[in-house]
Amino acid sequence: METILSLQHVNYSYEDDNGELIPVLKDFSLEIQRGSFVCVLGHNGSGKSTLAKLLNGLYQPDQDSGPILVDGLNTRDEKNELEVRRRVGLVFQNPDNQLVTTVVEEEIAFGPENLGLPRDELQKRVDEALLAVDMQEYRNHATYKLSGGQKQRIAIAGILAMRPQILILDEPTAMLDPKGREEVLSAVRRLNREQGMTVILITHHMEEAAKTDRVIVMKNGQITADSTPQAVFSQPQLIRDAGLSLPQPTELTHRLIQEGFPIDKEVLTVEQAVAAISKMLKEK
Ligand SMILES: Nc1ncnc2c1ncn2[C@@H]1O[C@H](COP(=O)(O)OP(=O)(O)OP(=O)(O)O)[C@@H](O)[C@H]1O
Ligand SMILES: [Mg+2]
């Protein structure tokens, strides 16, 4: 598979009020493959948002840092700045802070309009983006009347209309109810599966992580695990050390195993827990 994002020995520090440099990312290396669906987990302050902002050029790494390459473009290079922003779409936590207009259609056209695209191209992008997040019938609706999940999907559509190569979502469901969370997550999953969009999902919800291809665990600005969700969540100690918890179905089956019940280990979802527990009961 082809590498689309690459960080090589990256350092990032910020200056505190006393002018002292505080390191956030230290010797941080990571490669992300085109078309993959990657989840980043980590306790508050572990550096997840910093990573997202470095990847789309909002932040620049330290002077002594190795390079960050987006689709081969070095984010440090000033001439790449606009192209890097365009290729890496960032979606944040609060949809209300991301919506700038009052009508759905205008909202989605806002970014591409600034690229100076012709009318029909603009229309085409709006149509495609609305379809991608399953919001076609809301085209003429007022943005402020939408639910949180709908607003967040419009925010995503606005980013999609810019035709990014990579979508980074920084806790996109943190402010949503379970229904809104599921709406947003299934839209993102579809984008990955059907359009091959490279997705990086930063989340505090373990069940969301369980449904991605690759889970990266961060602690104090470093990667402490990087593997499939199955492999990462089969290490409860590692998860606890990172200040995280297991997905609930995984926690449940681990505890049953501790109690001596012969249950299959690799359970991540409710469906898998039901299957594993049913199997055990039938075999008894
Ligand atoms: N420009 C900055 N000014 C001050 N502090 C910063 C700056 N950038 C990063 N930090 C600090 O760096 C650390 C990592 O922050 P970051 O926002 O990346 O964490 P996070 O993993 O996204 O956390 P959360 O789960 O709370 O969103 C924090 O301690 C944060 O306060
Ligand atoms: Mg954050």
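In short, a report on the structure.

Scoring rules and cut-offs
- Residues numbered from 1 in each chain as written.
- Chains lettered and ligands numbered in written order.
- Predicted model: local features only at pLDDT ≥ 70, side-chain atom pairs only at ≥ 80, totals over all residues.
- Heavy atoms only, no water.
- Helix = DSSP H or I, 4+ residues; strand = E, 2+ residues; numbered from the N terminus.
- Rg over C-alpha atoms; globule rule 2.2 N^0.38 Å.
- Buried < 20%, exposed > 50% of the residue type's maximum accessible area, 1.4 Å probe, protein only.
- Contact = heavy atoms within 4.5 Å.
- 1 Å grid on protein atoms, 1.4 Å probe; cavity = no way out; pocket = protein on both sides within 12 Å on 5 of 7 lines; lining within 4 Å.
- Points joined across faces, edges and corners; volume = space filled by probe spheres on them.
- Nonpolar A, V, L, I, M, F, W, Y, C, P; charged D, E, K, R; others polar.
- Expected span 1.5 Å × (residues − 1).
- Pairing = 2+ DSSP bridges.
- Axes fitted to C-alpha atoms, helices over the stretch in contact; angles between N-to-C directions.
- Phe/Tyr/Trp six-rings, centres within 6.5 Å; stacked < 30°, edge-to-face > 60°.
- Core = buried A, V, L, I, M, F, W, Y, C linked by side-chain atoms within 4.5 Å.
- Near = heavy atom within 4 Å.
- Polar contact = N/O pair within 3.5 Å; in protein donor to acceptor, adjacent residues only side chain to side chain.
- Areas by Shrake-Rupley, 256 points an atom, 1.4 Å probe, with all protein chains shown as cover.

1. Digging into the overall build of the chain
At step 1: The number of helices and strands found in the chain is twelve helices and ten strands.
At step 2: Taken over the C-alpha trace, the chain has a radius of gyration of 20 Å; the compact-globule value for 284 residues is 19 Å, and the two agree within 12%.
At step 3: Here the C-alpha coordinates of the chain stretch approximately 65 × 50 × 40 Å along the principal axes.
At step 4: Residue burial in the chain is summarised as follows: out of 284 residues, 50% are buried.
At step 5: Put simply, 62% of the contacts in the chain that link residues at least 6 apart link residues at least 24 apart.

2. Focus on the layout of surface pockets
Regions of empty space are outlined by a rolling probe, equal in size to a water molecule, passed over the atoms.
At step 1: Within this model, the largest pocket holds a volume of roughly 680 Å³.
At step 2: Where the lining of the largest pocket is concerned, the elements lending two or more residues are helix H2 (81-87), strand E6 (88-91), helix H4 (104-113) and helix H6 (148-160).
At step 3: Here the residues of the lining of the largest pocket sort into 14 nonpolar, six polar and four charged.
At step 4: The computed volume of the second largest pocket comes to approximately 270 Å³.
At step 5: If you trace the second largest pocket, you find 13 residues lining it, with Arg 181, Glu 182, Glu 207, Glu 208 and Lys 211 closest to the centre.
At step 6: When contributions to the lining of the second largest pocket are tallied by element, the ones reaching two or more residues are helix H7 (178-195), helix H8 (206-210) and helix H12 (270-283).
At step 7: Per element, the largest residue contribution to the lining of the second largest pocket is five residues, and it comes from H7.
At step 8: Taken together, the residues of the lining of the second largest pocket sort by class into five nonpolar, one polar and seven charged.

3. Overview of empty space enclosed by the protein
At step 1: Taken as a whole and assessed by the stated rule, the structure comprises two cavities of 30 Å³ or more.
At step 2: Computed from the structure, the largest cavity encloses a volume of approximately 50 Å³.
At step 3: For the lining of the largest cavity, the secondary structure elements donating two or more residues are helix H9 (229-233) and helix H11 (248-258).
At step 4: In this structure, the second largest cavity occupies an estimated 30 Å³ of space.
At step 5: Residues belonging to the lining of the second largest cavity are distributed by class as follows: four nonpolar, no polar and three charged.

4. Notes on H7
At step 1: When the terminal C-alpha atoms of H7 are compared, their 25 Å separation across 18 residues agrees well with the 26 Å that a helix rising 1.5 Å per residue should span.
At step 2: At its buried positions, H7 is contacted by strand E3 (37-42), helix H5 (119-132), H6, strand E7 (166-170), strand E8 (198-202) and H8.
At step 3: Looking one or two places after H7, you find Gly 196, whose phi comes out positive at around 65°.

5. Focus: the sheet that holds E8
At step 1: Overall, mixed pairing links the six strands, which are arranged E6-E7-E8-E3-E9-E10 in an open sheet. Because the sheet does not close on itself, it has two edges, and the strands there are E6 and strand E10 (222-227). Within the sheet, the average angular offset between the axes of one strand and its neighbour, ignoring direction, is 20°.
At step 2: Two elements, E3 and strand E9 (residues 214-219), share five bridges in a ladder whose sense is parallel. Counterpart to Val 40 in the pairing with E9 is Ile 216.
At step 3: The sheet strands contacting helix H1 (residues 48-55) are E3, E6, E7, E8 and E9, and the helix crosses E3 at an angle near 140°.

6. Some thoughts on the side chain of Lys 151
At step 1: Following the sequence through the fold, Lys 151 ends up in helix H6.
At step 2: Each residue touching Lys 151, except ones within four places of it in the same chain, is listed here: Pro 95, Asp 96, Leu 99, Thr 143, Tyr 144 and Leu 146.

7. Concerning the packing of aromatic side chains
The description of two aromatic rings rests on the distance between their centres and on the angle between their planes.
At step 1: On inspection of all chains with the given rule, the structure shows one aromatic pair.
At step 2: For the pair Tyr 12 and Tyr 59, a centre-to-centre distance of 5.1 Å together with 5° between the ring planes defines the contact as stacked. Of this pair, Tyr 12 sits in strand E1 (residues 3-15) while Tyr 59 sits in the loop between H1 and strand E4 (68-70), placing them 47 residues apart in sequence.

8. A look at the nonpolar core
At step 1: If you look at the biggest cluster of nonpolar residues, it comprises 31 residues, and the most contacted ones within it are Ile 108, Ile 154, Ile 156, Leu 160, Leu 167 and Leu 169.
At step 2: Contributing elements (two or more residues each) for this core: H4, H5, H6, E7, H7 and E8.
At step 3: Leave out the neighbours within four places in its chain, and Ile 154 touches Leu 99, Val 104, Glu 107, Ile 108, Leu 130, Met 135 and Leu 146.
At step 4: Listed in part, the 28 residues of the second largest apolar core include Leu 5, Leu 55, Val 88 and Ile 166.

9. Overview of the site of ligand 1
At step 1: The local shell around ligand 1 consists of Tyr 14, Val 24, His 43, Asn 44, Gly 45, Ser 46, Gly 47, Lys 48, Ser 49, Thr 50, Glu 171 and His 204.
At step 2: One of the backbone N or O atoms of Ser 46 is found 3.2 Å from an oxygen atom in ligand 1.
At step 3: Protein chains shield 62% of the accessible area of ligand 1, which is 630 Å² for the free molecule.
At step 4: Grouping the amino acids of the shell around ligand 1 by side-chain chemistry returns two nonpolar, eight polar and two charged.

In short, shape yes, function no, at least from these values alone.
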